[in-house]
Amino acid sequence: VDTALLAFLSKAKAVHIEADIAEGEGDAARAIAVLEQLLSGPVPGGDTAPPEAREVLADTLARQAELSSGTGDFARATDAIERGLGLARELSHYRGRLMEVLGVIEQRRHDKLREEGDELGAEQAKARAIAALEEAVAIQDEVIRKTLGDGGAAGGEPAGR
């Protein structure tokens, strides 16, 4: 049993619950700050953190990015995604989730730019949103295929029919 990893995972759970409370109260800034406690604290293994720790950090960065983009802080949001992608380098649910959130960020940026009358910027953000979401779907499809081993069933049909 890796005591440091267990403590890190427990800390992550507590931090996310506290962020849930802040988010439930409509205080995104506090939720973001709470998540930062995990992101800036010690990590088991440091630069060679085990997969579980990297996955928790990537997931936390995705959540922080989503919250940041909801407040209009697109720079912080995209920075969090870049940090997360650096942790989730291999094909995984977490990498797909980061790309999904990048799509959300770019959709929100699109909406803001349209509201401001920047049609060109809005169209560029929309294109980035679509590209990120398409990549998220492709990643998750590959994760599903690899996980099922039989390639999965298309369209919800059981394998072998």
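Reading guide: rules and limits
Throughout this document, residue positions are counted from 1 along each chain, in the order its sequence is written. A pLDDT threshold of at least 70 governs which residues receive local features in this predicted model, and a stricter bar of 80 or more applies before side-chain atom pairs are shown or counted, although totals over entire chains, interfaces and linings include all residues. Excluding hydrogens and water, the side-chain figures rest on all heavy atoms present in the structure. Put simply, DSSP marks the helices as runs of H or I at least four residues long and the strands as runs of E at least two long, and each gets a number from the N terminus on. Each residue's exposure class comes from its accessible area (1.4 Å probe, protein chains only) as a fraction of the maximum for that residue type: buried when under 20%, exposed when over 50%, partly exposed otherwise. Contacts: residue pairs with any heavy atoms within 4.5 Å of one another. For the area figures, the Shrake-Rupley method with a 1.4 Å probe applies, and any residue is considered shielded solely by the protein chains shown. Throughout, an axis means a line fitted to C-alpha atoms (over the contacting stretch in the case of helices), and angles, computed between N-to-C directions, take values from 0 to 180 degrees. Should an angle lie under 35 degrees it is considered roughly parallel, over 145 roughly antiparallel, and from 65 to 115 roughly perpendicular; all remaining angles are considered oblique. To qualify as a nonpolar core, a set must consist of buried Ala, Val, Leu, Ile, Met, Phe, Trp, Tyr and Cys residues joined through side-chain atoms within 4.5 Å. Any pair of N or O atoms that falls within 3.5 Å is considered a polar contact. Within protein, one atom must be able to donate a hydrogen and the other to accept it, and sequence-neighbouring residues count only if both atoms are side-chain atoms.

Participant: So what exactly am I meant to see when it comes to the overall build of the chain here?
Facilitator: Assigned secondary structure in the chain consists of 6 helices and 0 strands. Tracing the chain from N to C terminus, the helices and strands come up as α-α-α-α-α-α. Judged by the C-alpha coordinates and their principal axes, the chain covers about 55 × 50 × 30 Å. The burial tally for the chain puts 37% of its 161 residues in the buried class. Contacts spanning at least 24 positions in sequence make up 62% of the contacts within the chain whose residues lie at least 6 apart. Total accessible area computed for the chain in this model is approximately 9,000 Å², and 53% of it derives from carbon and sulfur atoms.

Participant: When you look at the packing of helix α3 (residues 51–70) against helix α5 (residues 93–115) in this model, what are you seeing that I'm missing?
Facilitator: Each pair of packed helices can be summarised by the angle the axes make with each other and by the distance between the axes. Taken N-terminus to C-terminus, the directions of α3 and α5 make an angle of 10 degrees; their axes are 9 Å apart at the nearest point. If you check the angle between α3 and α5, you find them roughly parallel. Taking contact as the criterion, the partners of Glu 55, Ala 58, Asp 59, Ala 62, Ala 65, Glu 66, Ser 69 and Gly 70 in α3 are, on α5, Tyr 94, Arg 97, Leu 98, Val 101, Val 104, Ile 105 and Arg 108.

Participant: Help me understand the nonpolar core in this model?
Facilitator: Among the nonpolar cores identified, the biggest contains 37 residues, and Leu 38, Ala 65, Ile 81, Leu 98, Met 99 and Ile 105 are the most heavily contacted of them. Of all the elements in the fold, those that place two or more residues in this core are α1 (3–24), α2 (28–39), α3, α4 (74–87), α5 and α6 (119–148). Contact partners of Leu 98, with chain neighbours within four places excluded, come to Ala 58, Ala 62, Ile 81, Gly 84, Leu 85 and Ala 88.

Participant: What's the story with the environment of Glu 106 in this structure? I'm lost.
Facilitator: Of note, Glu 106 is situated in helix α5. Given the relative accessible area of 4%, Glu 106 is considered buried. Between the C-alpha atoms of Glu 106 and Ala 129, which are 23 residues apart in sequence, the distance is 4.8 Å. Beyond its immediate chain neighbours, meaning those up to four positions away, Glu 106 contacts Thr 78, Ala 125, Arg 128 and Ala 129. Polar contacts involving the side chain of Glu 106 include one to the side chain of Arg 128, which spans 3.0 Å.

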